[in-house]
Amino acid sequence: MASTDKSSATVVRTIDGAASLARLAAVDRRSVDGSTAAEIAEGCELLDVIEAGRVVGAVAVSIDGNVATLKAAATTGTETYEALGALEAAAKDAGAVLLGMFTRRGALVPLLVERGYRIRSIELEKDL
């Protein structure tokens, strides 16, 4: 999967899986169930996020038929949503008709809805 997006942020298949997983380790601190980035990314395609010619992040995407699912992403770059657009374009070029994701970061939801994502379900719980 390679980006065809015209912004300065692109995503490309990684050539260094270990480095990509190291960049994804930033998601470990947000894990609510103790999963590591390596565990979350198991079986996924690893992509590098590139801005201005520099690798600034990583993405783990699973592909099942024509459905792509963003499993983990971490970046130190400034063009997060441009990179998301590049990921969407790359997934579409790879034959995906749907890109899904799960998040435990509520503040992301309205930002993603603004970009055309729709809420498929909401799961809430409360300790008693």
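Residues numbered from 1 in each chain as written. Predicted model: local features only at pLDDT ≥ 70, side-chain atom pairs only at ≥ 80, totals over all residues. Heavy atoms only, no water.

## Quick word on a negative patch on the surface
At step 1: The grouping of Asp28, Asp33, Glu39 and Glu42 at the surface amounts to a negative patch.
At step 2: By the element assignment, Glu39 lies in helix α2 (residues 37-40). (Patch = residues over 30% accessible without salt bridge, like charges linked within 9 Å, V, L, I, M, F, W, Y side chains within 5 Å. Areas by Shrake-Rupley, 256 points an atom, 1.4 Å probe, with all protein chains shown as cover. Salt bridge = Lys/Arg side-chain N within 4 Å of Asp/Glu carboxyl O. Lys, Arg positive; Asp, Glu negative; His and termini not counted. Charge placed at Lys NZ, Arg CZ, Asp CG, Glu CD. Helix = DSSP H or I, 4+ residues; strand = E, 2+ residues; numbered from the N terminus.)

## So, the packing of aromatic side chains
Within a pair of aromatic rings, the relevant descriptors are the distance that separates the centres and the angle that separates the planes.
At step 1: A complete count under the given rule lists zero aromatic pairs for this structure.
At step 2: Geometry around Tyr81 places Arg115 over its ring, the cationic atom sitting 3.7 Å from the centre. (Phe/Tyr/Trp six-rings, centres within 6.5 Å; stacked < 30°, edge-to-face > 60°. Lys NZ or Arg CZ within 6 Å of the ring centre and 35° of its normal.)

## As for the pairing of strand β3 (residues 54-64)
At step 1: Summarising the sheet, strand β2 (residues 45-51) and β3 pair through seven bridges and their orientation is antiparallel. Within β3, the residue paired with Asp48 across the bridge is Ala58.
At step 2: From the end of β2 to the start of β3, which pair antiparallel, there are two residues, and Ala52 there has a positive phi angle of about 50 degrees.
At step 3: Relative to strand β4 (residues 67-75), β3 is paired through eight bridges, and the arrangement is antiparallel. Across the sheet, residue Asp64 finds its bridge partner in β4, namely Val67. (Pairing = 2+ DSSP bridges.)

## Some details on the sheet that holds β2
At step 1: The sheet built from five strands is open, its strands ordered β1-β2-β3-β4-β5 with mixed pairing. Of all strands in the sheet, those bounded by a partner on one side alone are β1 (9-13) and β5 (98-101). Neighbouring strand axes in the sheet, compared pairwise and without regard to direction, differ in orientation by 35 degrees on average.
At step 2: Contacting β2, β3 and β4, helix α1 (residues 17-24) crosses the sheet at an angle of about 95 degrees to β3. (Axes fitted to C-alpha atoms, helices over the stretch in contact; angles between N-to-C directions. Contact = heavy atoms within 4.5 Å.)

## A word on helix α3 (residues 80-93)
At step 1: With 14 residues, α3 should cover 20 Å at 1.5 Å per step; its first-to-last C-alpha distance of 20 Å lies within 8% of that length.
At step 2: Those residues of α3 lying buried are Ala83, Leu84, Gly85, Ala86, Leu87, Ala90 and Ala91.
At step 3: Those residues of α3 that are buried are in contact with β1, β2, β3, β4, β5 and α4 (108-114).
At step 4: Note on α3: the residue one or two positions beyond its end, Gly95, has a positive phi of about 105 degrees. (Expected span 1.5 Å × (residues − 1). Buried < 20%, exposed > 50% of the residue type's maximum accessible area, 1.4 Å probe, protein only.)

Remember that the coordinates give geometry; whether it matters functionally is a separate question.
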